[in-house]
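Structure assessment
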Amino acid sequence: MSSLQIVVGLSTNGGASFNLLYKSTSKKNDQATIVTGPSSTPGRGSVWISYTDKNNNQVVQGAAVTNFGSVGPFSTAQAVTGGTNGDFGDIVVGPAGQVMVVYQNNNTTEGPDTIHMNLN
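Residues numbered from 1 in each chain as written. Predicted model: local features only at pLDDT ≥ 70, side-chain atom pairs only at ≥ 80, totals over all residues. Heavy atoms only, no water.

Each helix and strand in the protein was counted, giving zero helices and 10 strands. Moving toward the C terminus, one meets the helices and strands of the protein in the order β-β-β-β-β-β-β-β-β-β. At 15 Å, the protein has a C-alpha radius of gyration in line with the 14 Å of a compact globule built from 120 residues. Taken over the C-alpha atoms alone, the protein extends approximately 45 × 40 × 25 Å along its principal axes. (Helix = DSSP H or I, 4+ residues; strand = E, 2+ residues; numbered from the N terminus. Rg over C-alpha atoms; globule rule 2.2 N^0.38 Å.)

This next bit is on the environment of Gln78. By secondary structure assignment, the location of Gln78 is in strand β7 (residues 78–84). Taking the C-alpha atoms as reference points, Gln78 and Val60, separated by 18 residues in sequence, lie 5.4 Å from one another. If we skip the residues at most four places from it in the chain, Gln78 touches Gln58, Val59 and Val60. (Contact = heavy atoms within 4.5 Å.)

Sheet architecture is open: three strands sit in the order β8-β9-β10, paired in antiparallel fashion. At either margin of the open sheet sits one strand with a lone partner, and together these are β8 (86–93) and β10 (115–119). The average angle at which neighbouring strand axes cross in this sheet is 20°, direction not considered. (Pairing = 2+ DSSP bridges. Axes fitted to C-alpha atoms, helices over the stretch in contact; angles between N-to-C directions.)

Spelled out as structure tokens, the structure:
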């Protein structure tokens, strides 16, 4: 059985090869998403991951991109406000480096559900 760690690779040659950029220490994670976008710091980019952690919280982590192939360390996992029992999330980066996460409550059953959104 897989440990369900979050693993991020970096390719600087169009996907011909990858180097390990990040691997979570936490296990039993689920529903990971990764996106890139601008940063709130002009001239920089960012990369973000969101996922449901082992405690059933929707969490996010981000890292600065300073140049081609140059990515800083990922921040510690931050639980999304109100993200307890959050799952099936997605994340997007706005034009000024804003980060928005959407997710739903994974304790509900089949049928309509409420989509939650957090913007930072």
